Amino acid sequence: MFFYLLQRLLTAVLTLFGMSVLIFVMLRVVPGDIVDIIFSAAGFVNPADKAALAREMGLDRPIAVQYGRWLRDIAKGDLGKSYRYDVPAWQIVKPRIPVTVELAVLAILIAVVLGVFTGVVSAARQDSALDYVLRIFSLAGLSMPSFWLGMLIILFLVSWAGWIPAMTYVSPFQDLRAHLLQFIFPALAVGYRGSALIMRITRSAMLEVLREDYIRTARAKGLRERSVVFGHALSNAMLPIITVTGFEFAFMIGGLVVTETVFNLPGVARYLVDAILWRDYPVAQNLVMLIAIVVVAVNLSVDLLYGYLDPRIRYGTR
């Protein structure tokens, strides 16, 4: 297990290094930079002033030098200074991380609970009326963009309840009830789509397991159907469910841009778009790296869970 963990950690480090190069180069390849944007509305521009500002920001240096400085600053724990706001990038990024993480965690909890339960029921009642209803329910979730469902939820609340949750961020320390109400509706919108994918994977895995000989043996021994389905079959169908859940969570961290915009939540994903539009390199590249780290960490956790949940897997037993 130790060698497997070491191998996976080295792979993760190499992946993050490759991602850092790709992120840094791709942001510089995009036409224009923060200096062009700042001077674009100024009319006549003195080239000397423009060159001085680029020199002050370090943008006149070769890309390799800028990349080396970025890595050096990260190693020191310094994320650089925001070109747009002229404050440390960490000062802008730090308060936005909990917002996106909380929304993603709530959404994935809703997706797992709803998706696994409906997937198990659909498989256990294969080809019944309930099975067809649940399959249509899941297909609707896969076909429906989460931001569109979010807007429908807001319109429904306005039309039928005459109320909407707070549209400006409310801290949980300020008002916990208002905070939870502010997050539960976007989490439902995002979680519904995730639950649809998890439901399809759960159903497929369960149908395969339910045809195994040991399931027939368990039923022949007189075990209750609920115990057979949830106790024996579900535990052996968990690997693909865990895999897709990990990918969904990683996707949510970086894919909440529109949902955060619809519900006016000051999260990382929404702010990342502004940072890219403004070519605010320190903020944009650090936010993208943060998302890459989350994706790699989730994948590593999923791989380690395989060895824990499935005794047939023996990593590192050489």
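Coordinates for the structure precede this section.
A brief structural summary. What you see is a predicted model, and the numbers here were worked out from it, not measured in a lab.

Notes on the overall build of the protein chain
Argument step 1. Looking only at helices and strands, one finds 15 helices and zero strands in the protein chain.
Argument step 2. Taken along its principal axes, the extent of the C-alpha atoms in the protein chain is 85 × 65 × 35 Å.
Argument step 3. Taking all 318 residues of the protein chain together, 39% fall into the buried category.
Argument step 4. Within the protein chain, contacts between residues separated by at least 24 positions form 71% of all contacts whose residues are at least 6 apart in sequence.
Argument step 5. Put simply, the protein chain shows about 17,600 Å² of open surface, and 67% of that area lies on carbon and sulfur atoms.
Argument step 6. Looking at charge distribution, the protein chain has the averaged site of its 29 positive side-chain charges lying 6 Å from that of its 22 negative ones.

A closer look at the packing of aromatic side chains
Argument step 1. Counted under the stated rule, the structure contains seven aromatic pairs.
Argument step 2. Aromatic pair Phe24 and Tyr67: ring centres 5.4 Å apart, planes at 70°, arrangement edge-to-face. Taken together, the residues span a long stretch of sequence, with Phe24 in helix H1 (residues 2-29) and Tyr67 in helix H4 (residues 63-75) at a distance of 43 residues.
Argument step 3. On the accessibility criterion, Phe24 (1% relative accessible area) is buried.
Argument step 4. Arranged with centres 4.9 Å apart and planes meeting at 50°, the rings of Phe137 and Tyr192 form a pair that is tilted. Here Phe137 is found in helix H7 (residues 129-143), whereas its partner Tyr192 is found in helix H9 (residues 176-210), with 55 residues between them in sequence.
Argument step 5. Note on Phe137: relative accessible area 35%, which makes it partly exposed.
Argument step 6. A relative accessible area of 12% places Tyr192 in the buried class.
Argument step 7. Members of the aromatic cluster, each reached through a chain of ring pairs, are Phe24, Tyr67 and Trp70.

Brief notes about the environment of Tyr214
Argument step 1. Mapped onto the elements of the fold, Tyr214 is located in helix H10 (residues 213-220).
Argument step 2. Among the residues examined, Tyr214 registers a relative accessible area of 36% and is labelled partly exposed.

Description of the environment of Val99
Argument step 1. Note that Val99 resides in helix H6 (residues 97-124).
Argument step 2. Placed 84 residues apart in sequence, Val99 and Phe183 show a C-alpha to C-alpha distance of 9.1 Å.
Argument step 3. Among residues more than four places away in sequence, those in contact with Val99 are Tyr169, Phe183, Leu265, Pro266 and Gly267.

Overview of the side chain of Thr245
Argument step 1. Within the secondary structure, Thr245 sits in helix H12 (residues 238-254).
Argument step 2. On the basis of relative accessibility, which here comes to 16%, the residue Thr245 falls in the buried class.
Argument step 3. Within the structure, the side chain of Thr245 is placed 2.6 Å from the backbone oxygen of Ile241, a separation counted as a polar contact.
Argument step 4. Those residues within four positions of Thr245 in sequence are excluded, and the remaining contacts are Ile108, Val112 and Ile198.

A short note on the nonpolar core
Argument step 1. In this structure, Val35, Met57, Leu59, Val283 and Leu287 are the most contacted members of the largest nonpolar core, which totals 53 residues.
Argument step 2. Here this core takes nine residues from helix H15 (residues 281-309), the largest share from any one element.
Argument step 3. Of all hydrophobic cores here, the second largest spans 19 residues; its members include Leu207, Ile215, Leu234 and Ala237.

A word on helix H14 (residues 268-277)
Argument step 1. Those residues of H14 not exposed but buried are Val268, Ala269, Tyr271, Leu272 and Ala275. Taken end-on, H14 shows its buried residues confined to a sector of 155°, consistent with a single buried face.
Argument step 2. Following H14 by one or two positions, Arg279 adopts a phi angle in the positive range, close to 50°.

Let's talk about a nonpolar patch on the surface
Argument step 1. Taken together, Phe17, Val21, Val25, Val29, Ile63, Leu71 and Ile74 make up a surface patch of nonpolar side chains, about 540 Å² in accessible area.
Argument step 2. Per element, the largest residue contribution to the nonpolar patch is four residues, and it comes from H1.
Argument step 3. Relative to the helices and strands, Ile63 is located in helix H4.

Some words on the packing of H6 against H7
Argument step 1. The N-to-C vectors of H6 and H7 enclose an angle of 145°; their axes lie 9 Å apart at closest approach. Pair H6 / H7 crosses with left-handed handedness. Judged by residue contacts, Leu114, Thr118, Val121 and Ser122 of H6 engage Leu130, Asp131, Leu134, Arg135 and Phe137 from H7.
Argument step 2. When its residues are assigned to classes, the contact of H6 with H7 shows five nonpolar, two polar and two charged.

Thresholds applied
- Residues numbered from 1 in each chain as written.
- Predicted model: local features only at pLDDT ≥ 70, side-chain atom pairs only at ≥ 80, totals over all residues.
- Heavy atoms only, no water.
- Helix = DSSP H or I, 4+ residues; strand = E, 2+ residues; numbered from the N terminus.
- Buried < 20%, exposed > 50% of the residue type's maximum accessible area, 1.4 Å probe, protein only.
- Contact = heavy atoms within 4.5 Å.
- Areas by Shrake-Rupley, 256 points an atom, 1.4 Å probe, with all protein chains shown as cover.
- Lys, Arg positive; Asp, Glu negative; His and termini not counted.
- Charge placed at Lys NZ, Arg CZ, Asp CG, Glu CD.
- Phe/Tyr/Trp six-rings, centres within 6.5 Å; stacked < 30°, edge-to-face > 60°.
- Polar contact = N/O pair within 3.5 Å; in protein donor to acceptor, adjacent residues only side chain to side chain.
- Core = buried A, V, L, I, M, F, W, Y, C linked by side-chain atoms within 4.5 Å.
- Arc of directions from axis to C-beta.
- Patch = residues over 30% accessible without salt bridge, like charges linked within 9 Å, V, L, I, M, F, W, Y side chains within 5 Å.
- Salt bridge = Lys/Arg side-chain N within 4 Å of Asp/Glu carboxyl O.
- Axes fitted to C-alpha atoms, helices over the stretch in contact; angles between N-to-C directions.
- Left-handed = near helix turned anticlockwise from the far one by under 90°.
- Nonpolar A, V, L, I, M, F, W, Y, C, P; charged D, E, K, R; others polar.

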